[in-house]
Amino acid sequence: MAESTAEPAEGKPVRKRLISGPGMLLVWLYGVMVVGAVSRSAVQISTEFGHAPLAYSLSAVAGVVYGFITYSLVRGGETARRAALACCAGELVGVLVVGTWTLVEPSAFPDSTVWSDYGVGYLFIPVLLPISAMYWLRQARAPQREGG
């Protein structure tokens, strides 16, 4: 499916912006989460990986997910919107699974992850952010054309 366009400029389609209004706040929050998750996991993996490999690896995965969502929001367009929406849904599933796992079986995580206890160490932003982003991305979808 072709990218949605706002208006053609010099014969090229213009991607629909996803970072207007609340979208800009989402980009800022996801950017902060990228820095937090990636820097935390990089230090932990490089200095004490043997202590809690699962927790540190999950934090690194969270950082990559946050980075992809940030990139998709900035890129804009219908394809990027759909990719970000799918990634946010996966992120939410990850937060819920890891959050529940850390509560049910705390011994599996000798150290916390970004998503531990639903993101309590990050003021619950990891569980609230994908819900907010999915709502925004559903509102930002391109209008359906009639007859097709």
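Summarised in this report is the structure supplied together with it. (Residues numbered from 1 in each chain as written. Predicted model: local features only at pLDDT ≥ 70, side-chain atom pairs only at ≥ 80, totals over all residues. Heavy atoms only, no water.)

Take the overall build of the protein chain next. Assigned secondary structure in the protein chain consists of four helices and zero strands. Starting at the N terminus and ending at the C terminus, the protein chain contains elements arranged as α-α-α-α. For the protein chain, the proportion of its 148 residues judged to be buried stands at 39%. If you take every contact in the protein chain between residues at least 6 apart in sequence, the share linking residues at least 24 apart comes to 68%. For the protein chain, the exposed area adds up to about 8,400 Å²; of that, 67% sits on carbon and sulfur atoms. (Helix = DSSP H or I, 4+ residues; strand = E, 2+ residues; numbered from the N terminus. Buried < 20%, exposed > 50% of the residue type's maximum accessible area, 1.4 Å probe, protein only. Contact = heavy atoms within 4.5 Å. Areas by Shrake-Rupley, 256 points an atom, 1.4 Å probe, with all protein chains shown as cover.)

Another point: the environment of Glu-91. Structurally, Glu-91 can be placed in helix α3 (residues 78–104). Taking relative accessible area as the criterion, Glu-91 reaches 1% and is therefore assigned buried. Note: C-alpha distance between Glu-91 and Pro-130 (39 residues apart in sequence) is 6.7 Å. Residues in contact with Glu-91, not counting those within four places in the same chain, are Tyr-30, Val-65, Tyr-66, Ile-69, Trp-115, Pro-126 and Pro-130.

Moving on: the packing of helix α1 (residues 22–48) against helix α2 (residues 53–75). For the pair α1 and α2, interaxial distance at closest approach is 8 Å and the crossing angle is 150°. With respect to their mutual orientation, α1 and α2 come out roughly antiparallel. Crossing geometry of α1 relative to α2 is assigned as left-handed. (Axes fitted to C-alpha atoms, helices over the stretch in contact; angles between N-to-C directions. Parallel < 35°, antiparallel > 145°, perpendicular 65-115°, else oblique. Left-handed = near helix turned anticlockwise from the far one by under 90°.)

At a minimum axis distance of 11 Å, the contact between α1 and helix α4 (residues 125–139) shows a crossing angle of 150°. Here α1 lies roughly antiparallel to α4, going by the angle between them. Once α1 is placed against α4, the crossing between them reads as left-handed. Contact residues: Pro-22, Gly-23, Leu-26, Leu-29, Tyr-30 and Met-33 in α1; Ile-125, Pro-126, Leu-129, Pro-130, Ser-132, Ala-133 and Trp-136 in α4. Residue composition of the contact of α1 with α4, by class: 11 nonpolar, two polar and no charged. (Nonpolar A, V, L, I, M, F, W, Y, C, P; charged D, E, K, R; others polar.)

Taken together, the side chains of Leu-54, Val-93, Val-97 and Trp-101 make up a nonpolar region of the molecular surface, amounting to roughly 340 Å² of accessible area. Looking at the nonpolar patch element by element, the count peaks at three residues for α3. One can find Trp-101 in helix α3. (Patch = residues over 30% accessible without salt bridge, like charges linked within 9 Å, V, L, I, M, F, W, Y side chains within 5 Å. Salt bridge = Lys/Arg side-chain N within 4 Å of Asp/Glu carboxyl O.)

These figures capture arrangement, not role.
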